[in-house]
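These are the residues of each chain, in order.
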Amino acid sequence: MPVTIRPESPEDFPAIHDLVRRAFEHAEHADGDEQHLVDRLRRSREYIPELSLVAEEDGRIVGHVMFSRVKVGEAAALALAPLAVLPSHHGRGIGGALVRRGHELARALGWEFVILLGHAGYYPRFGYRPASSFGIVSPFEAPEEAFMAVKLGGDADRLPGMVAYSPAFFPEHAG
Ligand SMILES: CC(C)(COP(=O)(O)OP(=O)(O)OC[C@H]1O[C@@H](n2cnc3c(N)ncnc32)[C@H](O)[C@@H]1OP(=O)(O)O)[C@@H](O)C(=O)NCCC(=O)NCCS
C-alpha cells in the first residue's frame with residue numbers, strides 16, 4: 001500500500017495522540033510526554049497546521065511529524081518535534097518521507113532553518129549537523145551531537161543566537 005503524506009486535520013487528532021504514545025513507549029530518551037507535547041503545541045501560537053503532517057496508509061495513520069515556530073535570537077525558525085512512526089512500520093522510509101516532505105513544504109513557505117534535539121545517528125541523512133556549527137545555542141544543557149540544525153535556504157550561512165522554545169515544550173508552564 002502506498003503511503004501518503006498530508007497535513008493533519010482535526011479528525012486525525014485522537015489517532016495521532018495514540019500513535020505518538022505508542023511510538024515513544026519503548027523509545028530511548030523518551031519521557032512519555034510526547035503525545036501531550038503534540039496536543040500542547042496545537043494550542044500554542046507556535047503551531048503551524050500546514051507543517052504538521054501525517055503519513056497515511058490504507059486509511060490508517062502510521063506516522064506523524066510536527067514543525068513549529070521557535071526564535072533563534074531575534075530570528076524565526078522551525079523546531080522539528082516530535083517525529084513518530086508506528087513501531088510495526090519502522091524501517092520502511094516513513095520517518096524519512098515525513099522529514100523530507102516537511103522540509104520541502106517549509107522551504108516553499110520561506111523557512112530557512114530547522115532545529116531539533118534528536119538521534120545523532122538518524123538526522124544527518126537529512127542534512128542536519130550540530131546546531132553549534134551555525135552558531136545556534138541551546139537554552140538548556142543538551143548533548144552537542146544531539147542538538148542539530150539544517151539550513152533549508154536563504155542567504156545566511158549562520159544563525160547565531162539562543163533558541164527560545166514555545167512554552168508548550170515546558171509542561172509546567174504551559175496551559
Ligand atoms: C526514529 C523514527 C521516527 C524513524 O522512523 P522510520 O520510519 O523507521 O525511519 P526510516 O524508515 O525513514 O529510516 C530507517 C533508518 O533509520 C535508522 N534509525 C531509526 N532510529 C534510529 C536511531 N534512534 N538512531 C539511529 N538510526 C536510527 C534505522 O536504523 C534505519 O536505518 P537504515 O536506513 O540504515 O536501515 C522511528 O524509529 C520512531 O518513531 N521512533 C520512536 C520515536 C522517536 O524516537 N522519534 C524520534 C525522536 S528524535
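Here's what I pulled together on the structure shown here. (Residues numbered from 1 in each chain as written. Predicted model: local features only at pLDDT ≥ 70, side-chain atom pairs only at ≥ 80, totals over all residues. Heavy atoms only, no water.)

A word on the overall build of the protein chain
Part 1: On a plain count of helices and strands, the protein chain comes out with three helices and nine strands.
Part 2: Walking the protein chain from its N terminus toward its C terminus, one meets helices and strands in the order β-α-α-β-β-β-α-β-β-β-β-β.
Part 3: Taken along its principal axes, the extent of the C-alpha atoms in the protein chain is 45 × 35 × 30 Å.
Part 4: Relative to its full complement of 175 residues, the protein chain shows a buried share of 46%.
Part 5: Considering only intrachain contacts with a sequence separation of at least 6, the fraction spanning at least 24 residues in the protein chain is 68%.
Part 6: As displayed, the protein chain has an accessible area near 8800 Å², and 53% of this comes from carbon and sulfur atoms.
Part 7: Between the averaged position of the 18 positive side-chain charges in the protein chain and that of its 24 negative side-chain charges there is a distance of 3 Å. (Helix = DSSP H or I, 4+ residues; strand = E, 2+ residues; numbered from the N terminus. Buried < 20%, exposed > 50% of the residue type's maximum accessible area, 1.4 Å probe, protein only. Contact = heavy atoms within 4.5 Å. Areas by Shrake-Rupley, 256 points an atom, 1.4 Å probe, with all protein chains shown as cover. Lys, Arg positive; Asp, Glu negative; His and termini not counted. Charge placed at Lys NZ, Arg CZ, Asp CG, Glu CD.)

Brief notes about the site of the ligand
Part 1: Around the ligand sit 19 residues in total, of which Leu83, Gly91, Gly93, Gly95 and Gly96 are the nearest.
Part 2: In the environment of the ligand, an oxygen atom lies 3.3 Å from a nitrogen or oxygen atom belonging to the backbone of arginine 92.
Part 3: Separating an oxygen atom of the ligand from a side-chain N or O atom of histidine 119 is a distance of 3.1 Å.
Part 4: Here the ligand, which alone exposes 890 Å², has 67% of that area covered by the protein.
Part 5: Elements represented by at least two residues in the shell around the ligand include exactly α1 (13-25), β4 (75-85) and α3 (94-108).
Part 6: Residue composition of the shell around the ligand, by class: nine nonpolar, eight polar and two charged. (Near = heavy atom within 4 Å. Polar contact = N/O pair within 3.5 Å; in protein donor to acceptor, adjacent residues only side chain to side chain. Nonpolar A, V, L, I, M, F, W, Y, C, P; charged D, E, K, R; others polar.)

Topic: the layout of surface pockets
Part 1: Empty space within the largest pocket amounts to approximately 1300 Å³.
Part 2: Taken together, 46 residues line the largest pocket, and the ones lying closest to its centre are Phe24, Leu117, Gly118, His119 and Tyr123.
Part 3: Broken down by secondary-structure element, the contributors of at least two residues to the lining of the largest pocket are α1, α2 (34-43), β4, α3 and β5 (113-117).
Part 4: Counting residues per element, the lining of the largest pocket draws most heavily on β4, which supplies seven residues. (1 Å grid on protein atoms, 1.4 Å probe; cavity = no way out; pocket = protein on both sides within 12 Å on 5 of 7 lines; lining within 4 Å. Points joined across faces, edges and corners; volume = space filled by probe spheres on them.)

A look at the pattern of salt bridges
Part 1: A full pass over the atoms with the stated rule returns 11 salt bridges.
Part 2: One salt bridge connects arginine 40 with aspartate 33, and the closest N-O pair in it is separated by 2.6 Å. The pair formed by arginine 40 and aspartate 33 is uniform in burial state, with each residue classed as buried.
Part 3: The shortest N-O distance in the salt bridge between glutamate 57 and arginine 92 comes to 2.5 Å. In this pair, glutamate 57 is assigned in strand β2 (residues 52-57) and arginine 92 in the loop between β4 and α3, connecting sequence segments 35 residues apart.
Part 4: In this structure glutamate 57 comes out as buried when scored by relative accessible area, which is 11%. (Salt bridge = Lys/Arg side-chain N within 4 Å of Asp/Glu carboxyl O.)

A word on the packing of α1 against α2
Part 1: Here α1 crosses α2 at 145°, and the two axes come no closer than 7 Å. Across the interface between the two elements, Phe13, Ile16, His17, Val20, Arg21 and Phe24 from α1 touch Glu34, Gln35, His36, Val38, Asp39 and Arg42 from α2.
Part 2: Across the contact of α1 with α2, the residue classes tally to five nonpolar, three polar and four charged. (Axes fitted to C-alpha atoms, helices over the stretch in contact; angles between N-to-C directions.)

Looking at the environment of leucine 86
Part 1: Tracing the backbone through its elements, the reader meets leucine 86 in the loop between β4 and α3.
Part 2: For the pair leucine 86 and arginine 101, spaced 15 residues apart in the sequence, the C-alpha separation amounts to 18 Å.
Part 3: Residues within four places of leucine 86 in sequence aside, it is in contact with Leu19, Arg22, Arg60, Ile61 and Val62.

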